[in-house]
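# Fold and contact review
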Amino acid sequence: MKVSRTMNSNTKRIVVTVAVVMILLPLGYSLVSGAFLGTSDSSQPFLERPDPKYQKCVRNTEYMRFHHMDLLKQIREEFVRHGNRDETGFDSCRGCHTSRERFCNQCHNSVSLNLDCFGCHYYPEPTFETANLRKRGSR
Amino acid sequence: MNRRKFLKKGGMVLSGTVCADGLLLLTSCNPSETTKENRLSRHKWGMVIDLNKCKPECTACMEACRQENNVAFHGDKRWDIHWIRKVGIQERHSENAGEKMIPMLCNHCENPPCAQVCPVQATYKRDDGIVIVDHHRCIGCRYCMIACPYNARFFNYKDDPDWPNKSYPKRSHGVAESCHFCAHLLDQGKRPACVDTCEKIGVKAIYFGDLKDPNSEVSQLIADTPLKRIRADLGTEPKVYYKGL
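Counting restarts for each chain: residues are numbered from 1 in the order of the written sequence. Each chain takes a letter, starting from A, and each ligand takes a number, starting from 1, following the order in which they are written. Only residues with pLDDT of 70 or above have their local features reported here, since the model is predicted, and side-chain atom pairs are shown and tallied only from 80 upward, although totals for entire chains, interfaces and linings are computed over all residues.

What follows covers the interface of chain A and chain B. Between chain A and chain B, the contact holds 10 residues from the first and 12 residues from the second. Class assignment of the residues belonging to the side of chain A that touches chain B gives a composition of three nonpolar, three polar and four charged. The contact rule is simple: place each C-beta atom from the backbone, and if two of them lie within 7 Å, those residues are in contact. Here the term charged refers only to Asp, Glu, Lys and Arg, the term nonpolar to Ala, Val, Leu, Ile, Met, Phe, Trp, Tyr, Cys and Pro, and the term polar to all other amino acids, Gly among them.

As structure tokens, this is what we get:
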């Protein structure tokens, strides 16, 4: 009776240890990978900074990050249905953000969004090589 | 105050308020206040094509349209799209049964059947009379192609890799399209590509202008010369006129 009880407590201890290790494993992994791999974590999208000669966007960065699609839809409605063609649009976006691959697609790919804007609207590949890659939100 | 007087006065007060509210409502429903002045509604675009000048073998307007609007051309008549095309027409029951080649494009009807049948309001008439497709809304049902009496509508069965004019978007596979009088150029104050080209090559068979302006070239032509519209009997009120049809 007594032997089986000690055996039980030993197994319990082992089970608890294994469970704790299992629970903490992802945390430990991310800590270790963060310490060794640093900023090269592939889950973070990298947004290309626009050409330095452009000082600011049509709206502030926070608004553009979360609501650029609303703004684009609004512009589209004015442009297509009311003929107000003096507003900003893709034409003015691509003046600063020259590369679709290094700007738009960075976030869209990381959240698995497949947009079909660029099947019809021209958004060119960059004509010059910009080395000013910055981490997202570092502006 | 007895009961009779109270009811009388109450009735007067009640009817007074009802009348005042009615008056307020009537004044707020005044149409001159609710309709907004639209920038587009100042014009009404129309076209006159002089068939005496138009040469049967010339395709300059078609080429210009393709280059300006990225109209798909695959070299296969099943999939080719023509916003403006040459059509041979023949008058029935007449002695001079010769075929006549006429440039055919969207007639920009005043009562467009394509816009009436569109289930998602992708095709609509702008305030300047141009019938235009919002390709973002088009679901590709092809009702407009069936409804159009001029066969001016085409469907994108395939994507075309060519992209001659990068400043104007292409249409993707699965939407219907037709001529829009180069609305993107009109909004910039320019003229449609076919009109410009026809003048540039020295033919000037296509006249384009504002039908609301009585002094415009088109209005004067319509007033002075006998012009015909294709299938005017249908009541669609097309805005493309032909001289010498």
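And the narrative resumes.
Attention now moves to the sheet that holds strand E10 (residues 240-243) of chain B. Residues and elements named next belong to chain B. In this analysis, strands are considered paired if DSSP registers two or more bridges between them. A run of H or I in DSSP becomes a helix once it reaches four residues, and a run of E becomes a strand once it reaches two; helices and strands are each numbered from the N terminus. Taken in spatial order, the four strands make up an open sheet running E8-E1-E10-E9, and their pairing is mixed. Each edge of the sheet is formed by a strand with only one pairing partner; in this case those strands are strand E8 (206-210) and strand E9 (227-228). Bridge analysis of E9 against E10 gives two bridges, and the strand direction is antiparallel. When the bridges of E10 are listed, Lys228 appears paired with Tyr242. Geometry is summarised by axes, namely lines fitted to C-alpha atoms with helices restricted to the contacting stretch, and by angles between N-to-C directions that run from 0 to 180 degrees. Sitting on the sheet, helix H8 (residues 217-224) is in contact with strand E1 (45-50), E8, E9 and E10, with an inclination near 110° to E8.

Once that is clear, we can look at the domain arrangement of chain B. Segmentation into domains, and thus their bounds, comes from an automatic or database assignment. The domain boundaries assigned to chain B delineate domain 1 (3-34) and domain 2 (43-243). On a C-alpha basis, the centres of domain 1 of chain B and domain 2 of chain B stand 54 Å from each other.

With that settled, the discussion passes to the pairing of E8 of chain B. Residues and elements named next belong to chain B. Most of E8 sits out of view: four of its five residues are buried. Here five bridges tie E1 to E8, and the two strands are oriented antiparallel to one another. Residue pairing for E8: Gly46 is matched across the bridge by Gly209. Counting other C-beta atoms within 10 Å of a residue's C-beta gives its exposure: the residue is buried at 20 or more, exposed at 12 or fewer, and partly exposed in between, where C-beta atoms are placed from the backbone.

Residue and element names in this part refer to chain B. Each nonpolar core comprises buried Ala, Val, Leu, Ile, Met, Phe, Trp, Tyr and Cys residues, the members being joined through C-beta atoms within 7 Å. Core analysis: the biggest nonpolar cluster contains 49 residues, and Cys65, Cys194 and Ile206 have the highest contact counts within it. Among the secondary structure elements, those contributing two or more residues to this core are E1, helix H3 (60-69), strand E3 (100-105), strand E5 (131-133), helix H6 (183-187), helix H7 (193-200), E8 and E10. Filtering out sequence-adjacent residues up to four positions away, Ile206 remains in contact with Met47, Ile49, Cys61, Cys194, Val195 and Cys198.

So, on to the packing of H3 of chain B against H7 of chain B. All names here are of chain B. Where H3 contacts H7, the two axes come as close as 8 Å, and the packing angle between them is 135°. Regarding the angle of H3 to H7, the classification is oblique. Handedness of the H3/H7 crossing: right-handed. For the pair H3 and H7, contact is made by Ala60, Cys61, Ala64, Cys65 and Glu68 and by Ala193, Cys194, Thr197 and Cys198, respectively. Residues of the contact of H3 with H7, tallied by class, amount to seven nonpolar, one polar and one charged. Our angle categories are set so that under 35 degrees counts as roughly parallel, over 145 as roughly antiparallel, 65 to 115 as roughly perpendicular, and the remainder as oblique. Left-handed describes a crossing in which the near helix is turned anticlockwise from the far one by less than a right angle; the clockwise case is right-handed.

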